[in-house]
Amino acid sequence: MLIPFSRLYLSDANVRKTRSEEDDIQLSADIEARGLLQNLLVTKSKKRGKFAVIAGGRRLRAIEMIVARGAWDPDTEIECKLLEGSEEEAGEASLAENFQRVGMSPAEECRAFQHFIKEGSDVAAVAKRFGLTQRFVEGRLRLANLAEPIFEALAKGDVTLEIAKAYAATDQHEVQLRVFEQMRYAYNPSADAIRRMVASGSMRGNDPIALLIGEDAYVAAGGKIERDLFSEAADDRWIDIEIAHRLAAEKMEAEAQRIAAETGLAWISPVASTNSWQARSEMGVNAVRLPPAPLSEEARARIDAIDARMEEISEIIDEGEEGGDTDFGQLEAEYEDLDAARSDLNNPVRALPEEWRSEAGRFLVLTTRGEMVLEADYYSEKRLSFETDENGKVTATAEEPVPGSTKRGSAAPSRPEAVAPGTEKPISARLFDELSVQRRNILSASLLTDPGLALDFAIFALADSRSYESRGTSIKGGRPSDPATGELSQSTAEGILAEAENALDTGWQEHSCAAQRFIAFRELADETKAAWLAYVVAISLEAKKGYGSEYHPIHAVIGSMLDIDVAAMWRPTAENFFDRVSKTSCLAALTEVGGSDLAARYAASKKADLAKTCETIFAGKAIVEQDVKEAALAWLPEGMKFTIGANPADPVIPDTDESDPVADVCDGDNGEADSEAEELIDDHQPEVACEEAAVAA
């Protein structure tokens, strides 16, 4: 039946009590565009001529908004269904109408918006039609463009909406799929972690550099932005970092030149960061410590005023009560500002004497808001010392940097690395960067002609990993993070590694400069270098793959090539194995080496006693048959074998004519590698086949 809107009101029997203004506005726009698609459920009211809406309260409020903005007349007739019955029945009907409703899933919303776009609508039209923001519609469309495996996971509920949004932070499917594959077996992956992996190699829209140059200048220079349509614009990704850094360098260098000319300082060094720590370290400059200046009368008066106000604020906060008109948050913020101002006034610093300005410089850095500011401290290649005598006169001494010294603060050369022709002034930072890349490429091309030198440098870079000093290469050595830490059972292997480390020639490490260490390293005998290479590679091996219970297949290949006798270096004990598995597993191990008769002898033993018995038997210390003893001494659990194709979670695949162990280890690689492996196995050269197949894979 049709009922004028003015005669409708919301019944108290309507079970939906919560409301969302944003959702109501969205529904209002939809009803205005398409009309009411579902009738209101009403009952006759005790008020004459009125009808109470027991189901459809949101629709009623949405229509009220339409009427309020003048799009519909108050007497517009609304399609309703009249329900006869008691008040209890009306409440039950309202509950059923709300309880049985199922909303669209995010994946269904994506496909729906995509359909309207394909039919000729644009984003703005779709957003207006459904009463949504354009950013929301664009976000759903971005989700619709997810790589198919990720979208299917969203549709099936295998990934949450937040996780899907994190993948959609980029529209590059190859990046999405790479991260999706990496996170497939991760334990409880977070959306933030996925966003960080997706965004690797980009900068956020609220990065100080981005705020400095501005989006318009960046885009005009050819920079691209990937919009994170599910969050604020600050989370957008600027993917052309080189363009952003070039624009920032140009802007900061121009400002640095202006300040240098204005202040008369020796240099102003621009640093596209919020601090200059790294730049100071690389330049090897020394901080110029000026003596404190006496407090002026004006500063003393200001400090007294600050003290009085801070005391007043403290009393208000201590005695005040919550819920009044006092804004305690504002008072606390004022107190912190006053405290900072008081600290600055209490520590006045003398101005740098005019005659020393040509010996010092300052760093131009960025604030978190992208503003260029000068850091307060002065720096110099020389060690400048200032002292104040009894009369308040400031005198200074300057200590020249020692050539070749590697002490921090005196390692800077007497002149810049590169100067402009005909001057002593350094070339621009941008030009130096460009020249450094070209110079590096020339060195790289030339290094191709001397593999021996390249090998020496690679071994040196791996072996010199204990030093934090830059070695001019991205090659790094060191130990991986082990999945198990703390007090662990030891084997012969740990002793061998320790002996190998103690036997290494470490004399070359005594030099404090990386260049000098490399020269000394090259003078070592080839056998000594080889020992270093073997050691640094050996300690770099990872224990397992990622977070799961899976070994690296390539370790099985290497282990097979080395023909490792694991049993000679490790034996299962109660502590490292038998106490950690079930009694059934212990008996199964006994069955493997001595048959069911051996297992039956100890079947009635308690678990702790059985573990100790197994330790004795598998160490070869028990009185058993000789063949059983030999089998026990050679026995290993699957998790300690280097069998190609073996996974500690699966049975070992026997190396018979019917199995292809090399194909097992390369399972999942391209067909070309598999076919090459099969040809090698057919040649009946197991050792060569394993090695060459691994290379082919």
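Please read all numbers here as calculations on a predicted model, not as lab measurements.

Undergrad: Explain the overall build of the chain to me, please; I cannot follow it from the model alone.
TA: Within the chain, the regular secondary structure consists of 29 helices and 15 strands. Per-residue burial for the chain yields a buried fraction of 32% across its 697 residues. Across the chain, the fraction of contacts at a sequence separation of at least 24, relative to all contacts at a separation of at least 6, is 65%. Looking at the chain as shown, the accessible area adds up to about 42,800 Å², and 51% of this sits on carbon and sulfur atoms.

Undergrad: Where do I start with the sheet that holds strand S3 (residues 40-44) in this structure?
TA: The sheet built from five strands is open, its strands ordered S1-S5-S3-S4-S2 with mixed pairing. The open sheet has two edge strands with one neighbour each: strand S1 (2-4) and strand S2 (8-10). Each strand axis lies, on average, 55° off the axis of its neighbour in the sheet, ignoring direction. In terms of strand pairing, S3 meets strand S5 (residues 77-82) through three bridges, oriented parallel. Across the sheet, residue Val 42 finds its bridge partner in S5, namely Leu 82. Helix-sheet contacts for helix H2 (residues 57-68) involve S2, S3, strand S4 (51-55) and S5, and the interaxial angle to S2 is about 125°.

Undergrad: Can you help me understand the sheet that holds strand S8 (residues 237-238) in this one?
TA: Hydrogen bonds between backbone atoms are what pair the strands of a sheet, whose relative direction is either parallel or antiparallel. Strand order in the open sheet made by the three strands is S6-S8-S7, with antiparallel pairing throughout. Every other strand in the sheet has two partners, leaving strand S6 (203-204) and strand S7 (225-226) as the edge strands with one partner each.

Undergrad: Whenever I open this one, the environment of Ser 491 confuses me. Can you help?
TA: Mapped onto the secondary structure, Ser 491 falls in the loop between helix H18 (451-463) and helix H19 (492-503). Ignoring sequence-local partners within four residues, the contact set of Ser 491 consists of Met 569 and Trp 570.

Undergrad: Mind showing me how you'd approach the confidence of the model for the chain here?
TA: Any residue range with low pLDDT should be treated as having predicted coordinates unsuitable for detailed reading. Residues with a pLDDT of 70 or more make up 71% of the chain, whose mean pLDDT is 75. When the criterion is pLDDT under 50, residues 404-414 qualifies, and its contacts beyond four places in sequence or with other chains add up to 25 contacts. Note on residues 646-664: pLDDT under 50 across the span, and 23 contacts to partners over four residues away in sequence or across chains.

Undergrad: Help me understand the nonpolar core in this model?
TA: Side chains of a nonpolar character, in soluble globular proteins, are inclined to be buried together. With 28 residues, the main nonpolar core has Ile 213 and Leu 352 as its most contacted residues. Among the elements that take part in this core, helix H13 (residues 241-263) stands out by supplying eight residues, more than any other. What Ile 213 contacts, discounting residues up to four positions off in sequence, is Tyr 218, Trp 238, Ala 244, Leu 247 and Ala 248. In this structure, Cys 110, Leu 143, Leu 154 and Ile 163 belong to the second largest nonpolar core, which totals 23 residues.

Undergrad: Even after reading the chapter, I still don't get a negative patch on the surface, so can you show me in this structure?
TA: A cluster of acidic side chains, namely Glu 311, Glu 315, Asp 318 and Glu 319, defines a negative patch on the protein surface. Topologically, Asp 318 is positioned in helix H15 (residues 297-319).

Undergrad: What's the story with the packing of aromatic side chains in this structure? I'm lost.
TA: Here the distance between the centres and the angle between the planes together describe a pair of aromatic rings. Enumeration according to the criterion identifies ten aromatic pairs in this entry. Three or more aromatic residues joined by ring pairs make a cluster, and in this case those are Phe 577, Phe 578, Phe 618 and Trp 635. Here Arg 362 stacks its cationic end above the ring of Tyr 378, 5.0 Å away from the centre of that ring.

Undergrad: What is the right way to look at helix H24 (residues 583-601) in this model?
TA: Three- or four-residue spacings in an α-helix give side chains the same orientation, since the helix completes a turn every 3.6 residues. Here H24 contains 19 residues, and its C-alpha end-to-end distance of 14 Å is more than 12% below the 27 Å for a straight helix at 1.5 Å per residue. Residues Cys 586, Leu 587, Ala 589, Leu 590, Val 593, Leu 598 and Ala 599 constitute the buried set of H24.

Undergrad: Please clarify how the side chain of Asn 576 should be interpreted in this entry.
TA: Note that Asn 576 resides in the loop between helix H23 (566-569) and H24. A polar atom in the side chain of Asn 576 sits 3.2 Å from the backbone oxygen of Arg 571. Of note is the side chain of Asn 576, whose polar atom sits 2.7 Å from the backbone nitrogen of Thr 573. Filtering out sequence-adjacent residues up to four positions away, Asn 576 remains in contact with Ser 489, Trp 570 and Arg 571.

Undergrad: What am I meant to see in the side chain of Glu 375 here?
TA: When you line up the elements, Glu 375 lands in the loop between strand S12 (372-374) and strand S13 (378-380). Using a relative accessible area of 18% as the deciding quantity, one classes Glu 375 as buried. If we skip the residues at most four places from it in the chain, Glu 375 touches Asn 275, Ser 276, Arg 280, Arg 362, Phe 363 and Val 365.

Undergrad: Is there a simple way to explain the packing of H18 against helix H21 (residues 526-538) in this structure?
TA: Axis angle and axis distance: for two packed helices, these are the angle between their axes and the distance between the axes, and together they describe the pair. For the pair H18 and H21, interaxial distance at closest approach is 9 Å and the crossing angle is 50°. In terms of their interaxial angle, H18 and H21 are classed as oblique. As H18 runs across H21, the sense of the crossing is left-handed. Here Asp 456, Ile 459, Leu 462 and Ala 463 of H18 come into contact with H21, specifically with Lys 529, Trp 532, Leu 533 and Val 536. Class assignment for the residues of the contact of H18 with H21 results in six nonpolar, no polar and two charged.

Undergrad: Any chance you could explain the pattern of salt bridges here in plain terms?
TA: Any two side chains of opposite charge can pair, so long as their charged atoms come close to each other. Scanning all chains against the criterion turns up 13 salt bridges. For Arg 258, the salt bridge is made with Glu 262, and the minimal N-O distance between the two is 3.0 Å. Taken as a pair, Arg 258 and Glu 262 lie in helix H13 at a separation of four residues, close to a single helical turn. Looking at Arg 258, the relative accessible area reads 42%, which means it is partly exposed. Owing to a relative accessible area of 59%, Glu 262 belongs among the exposed residues under this scheme. For Glu 334, the salt bridge identified is with Arg 309, shortest N-O distance 2.9 Å. One end of the pair, Glu 334, is in helix H16 (residues 328-346); the other, Arg 309, is in helix H15, and 25 residues separate them in sequence.

Undergrad: Explain a nonpolar patch on the surface here, please?
TA: A cluster of nonpolar side chains, contributed by Ile 496, Ile 554, Ile 558, Leu 562, Ile 564, Met 569 and Phe 642, occupies part of the molecular surface with about 600 Å² of accessible area. With three residues, the single largest contributor to the nonpolar patch is helix H22 (residues 553-562). Following the sequence through the fold, Ile 496 ends up in helix H19.

Undergrad: Would you explain the environment of Ala 221 in this entry?
TA: Position of Ala 221 relative to the elements: it lies in the loop between helix H12 (215-220) and S7. A sequence separation of 22 residues divides Ala 221 from Ile 243, and the C-alpha atoms of the two residues are 7.1 Å apart. Not counting residues up to four positions away in its chain, the partners in contact with Ala 221 are Ile 243, Arg 246 and Leu 247.

Undergrad: Any chance you could explain the state of the cysteines here in plain terms?
TA: If you walk through the whole model with that rule in mind, you get zero disulfides. Counting only cysteine sulfurs, Cys 614 is the nearest neighbor of Cys 586, a cysteine outside any disulfide, at a range of 4.6 Å.

Undergrad: Which parts of the structure should I look at to understand H18?
TA: When the terminal C-alpha atoms of H18 are compared, their 18 Å separation across 13 residues agrees well with the 18 Å that a helix rising 1.5 Å per residue should span. Of all the positions in H18, only Asp 456, Ile 459, Phe 460, Ala 461, Leu 462 and Ala 463 are classed as buried. In the core, the buried residues of H18 are packed alongside helix H20 (514-522) and H21.

Undergrad: Help me understand the pairing of S5, please; the structure alone is not making it clear to me.
TA: For S1 and S5, the ladder comprises three bridges, and the chain directions are antiparallel. The residue bridging Ile 3 from the neighbouring strand is Ile 78, located in S5.

Undergrad: Which parts of the structure should I look at to understand the packing of H15 against H16?
TA: Between H15 and H16, the shortest axis-to-axis distance is 10 Å and the interhelical angle comes to 155°. When the interaxial angle is binned, H15 and H16 end up roughly antiparallel. Seen along the crossing, H15 lies across H16 with a hand that is left-handed. Contacts between H15 and H16 involve Ala 299, Arg 302, Ile 303, Ile 306, Asp 307, Arg 309, Met 310, Ile 313, Ser 314, Ile 316 and Ile 317 from the first element and Phe 328, Leu 331, Glu 332, Glu 334, Tyr 335, Leu 338, Asp 339, Ala 341, Arg 342, Leu 345 and Asn 346 from the second.

Rules of the game
Residues numbered from 1 in each chain as written. Predicted model: local features only at pLDDT ≥ 70, side-chain atom pairs only at ≥ 80, totals over all residues. Heavy atoms only, no water. Helix = DSSP H or I, 4+ residues; strand = E, 2+ residues; numbered from the N terminus. Buried < 20%, exposed > 50% of the residue type's maximum accessible area, 1.4 Å probe, protein only. Contact = heavy atoms within 4.5 Å. Areas by Shrake-Rupley, 256 points an atom, 1.4 Å probe, with all protein chains shown as cover. Pairing = 2+ DSSP bridges. Axes fitted to C-alpha atoms, helices over the stretch in contact; angles between N-to-C directions. pLDDT = per-residue confidence, 0-100. Core = buried A, V, L, I, M, F, W, Y, C linked by side-chain atoms within 4.5 Å. Patch = residues over 30% accessible without salt bridge, like charges linked within 9 Å, V, L, I, M, F, W, Y side chains within 5 Å. Salt bridge = Lys/Arg side-chain N within 4 Å of Asp/Glu carboxyl O. Lys, Arg positive; Asp, Glu negative; His and termini not counted. Charge placed at Lys NZ, Arg CZ, Asp CG, Glu CD. Phe/Tyr/Trp six-rings, centres within 6.5 Å; stacked < 30°, edge-to-face > 60°. Lys NZ or Arg CZ within 6 Å of the ring centre and 35° of its normal. Expected span 1.5 Å × (residues − 1). Polar contact = N/O pair within 3.5 Å; in protein donor to acceptor, adjacent residues only side chain to side chain. Parallel < 35°, antiparallel > 145°, perpendicular 65-115°, else oblique. Left-handed = near helix turned anticlockwise from the far one by under 90°. Nonpolar A, V, L, I, M, F, W, Y, C, P; charged D, E, K, R; others polar. Disulfide = S-S within 2.5 Å.

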